[in-house]
Amino acid sequence: MSFWGILMNKILFVVAHPDDESLWIGGSLAGLSQFDNIETYVICITGKDDERRCNEFKKAMEIAKPSGYAIMGHTLPKQGGIPLEKIPDFLAAGLSELDLSLSEVSLIVTHPHYGDEHTHINHIQLFYTLRELSAANNVPFACFSFMPIPYVKMCPI
């Protein structure tokens, strides 16, 4: 058995809203689910209170087939500019729901520091909050992006 055959990677994707998983990481989730040595997990911080969006999230997860997912109960902002509160608490609740701890996670992936296409405040908040949590817990950190980020050295893990 090769080194890569025995190495188990647990990748945690954290998104702000239901639909972010489809817009930003849907293809990656579906592709990564094909590997035996990679487990993917998704935590969506908002949307459990919105039945339609919650159901759409669950259907997207059925298609992408991550190892586990959780949609949390932070109220889904109905307009832009409303910051998320207690992100670490919702992340902890999601990890608990997935029976996963940060010490088991090989990589945390979330929105980029510029907030994606609309400089979305919730996406920016997640980036900075998760960057701090990953550093404090010695977990590698990354972001997904649809465009190159200038002045940032990208290197594979």
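Moving on, we get to the overall build of the protein chain. For the protein chain, the count of helices and strands is 5 helices and 5 strands. Reading the helices (α) and strands (β) of the protein chain from amino to carboxyl end gives α-β-α-β-α-β-α-β-α-β. Among the 157 residues that make up the protein chain, the fraction classed as buried is 43%. A separation of at least 24 residues holds for 78% of the contacts in the protein chain among residues at least 6 apart in sequence. A total of about 8,800 Å² of accessible surface is found on the protein chain, and carbon and sulfur atoms cover 56% of it.

This part takes up the side chain of Thr40. Following the sequence through the fold, Thr40 ends up in strand S2 (residues 38-46). In this structure Thr40 comes out as buried when scored by relative accessible area, which is 1%.

Further remarks concern the packing of helix H4 (residues 87-97) against helix H5 (residues 121-136). Between H4 and H5, whose axes approach to 10 Å, the crossing angle comes to 70°. Taken together, H4 and H5 sit at an angle that is classed as roughly perpendicular. For the pair H4 and H5, the crossing hand works out as right-handed. Listed contacts from H5 to Ile87, Pro88 and Leu91 of H4 are Gln125, Leu126, Thr129, Leu130 and Leu133.

Before going further, it helps to spend a moment on H5. Each α-helix winds once per 3.6 residues, and so residues spaced three or four apart point in a common direction. For H5, spanning 16 residues, the distance from its first C-alpha to its last is 23 Å, which sits close to the expected 22 Å at 1.5 Å a residue. Of the positions making up H5, those classed as buried are Asn122, His123, Gln125, Leu126, Phe127, Thr129, Leu130 and Ser134. Contact partners of the buried residues in H5: strand S1 (9-15), helix H2 (20-32), S2, H4, strand S4 (107-110) and strand S5 (141-143). One or two steps after H5, the chain reaches Asn138, where phi turns positive at roughly 55°.

To continue, consider the sheet that holds strand S3 (residues 68-74). Ordered in space as S3-S2-S1-S4-S5, the 5 strands form an open sheet in which the pairing is parallel. Of all the strands in the sheet, the pair left with one neighbour each is S3 and S5. For this sheet, the mean inter-axis angle between neighbouring strands, taken without regard to orientation, is 20°. Here 5 bridges tie S2 to S3, and the two strands are oriented parallel to one another.

This paragraph deals with the state of the cysteines. Under the defined criterion, the tally for this structure stands at 0 disulfides. The structure places no disulfide on Cys54, whose sulfur is separated from the nearest cysteine sulfur, that of Cys44, by 8.5 Å. Using a relative accessible area of 6% as the deciding quantity, one classes Cys54 as buried.

Glancing now at the pairing of S4. Burial along S4 is two-sided: Leu107 and Val109 facing one way and Ile108 and Thr110 facing the other are all buried. The sheet contact formed by S1 and S4 spans 3 bridges and is parallel. In the strand pairing of S4, Ile11 is matched with Leu107. For S4 and S5, the ladder comprises 3 bridges, and the chain directions are parallel. Note that in S5 the partner of Thr110 across the bridge is Cys143. In terms of handedness, the path from S4 via H5 over to S5 forms a crossover that is right-handed.

Conventions and cut-offs
- Residues numbered from 1 in each chain as written.
- Predicted model: local features only at pLDDT ≥ 70, side-chain atom pairs only at ≥ 80, totals over all residues.
- Heavy atoms only, no water.
- Helix = DSSP H or I, 4+ residues; strand = E, 2+ residues; numbered from the N terminus.
- Buried < 20%, exposed > 50% of the residue type's maximum accessible area, 1.4 Å probe, protein only.
- Contact = heavy atoms within 4.5 Å.
- Areas by Shrake-Rupley, 256 points an atom, 1.4 Å probe, with all protein chains shown as cover.
- Axes fitted to C-alpha atoms, helices over the stretch in contact; angles between N-to-C directions.
- Parallel < 35°, antiparallel > 145°, perpendicular 65-115°, else oblique.
- Left-handed = near helix turned anticlockwise from the far one by under 90°.
- Expected span 1.5 Å × (residues − 1).
- Pairing = 2+ DSSP bridges.
- Disulfide = S-S within 2.5 Å.
- Right-handed = clockwise from strand over helix to strand, strands pointing away.

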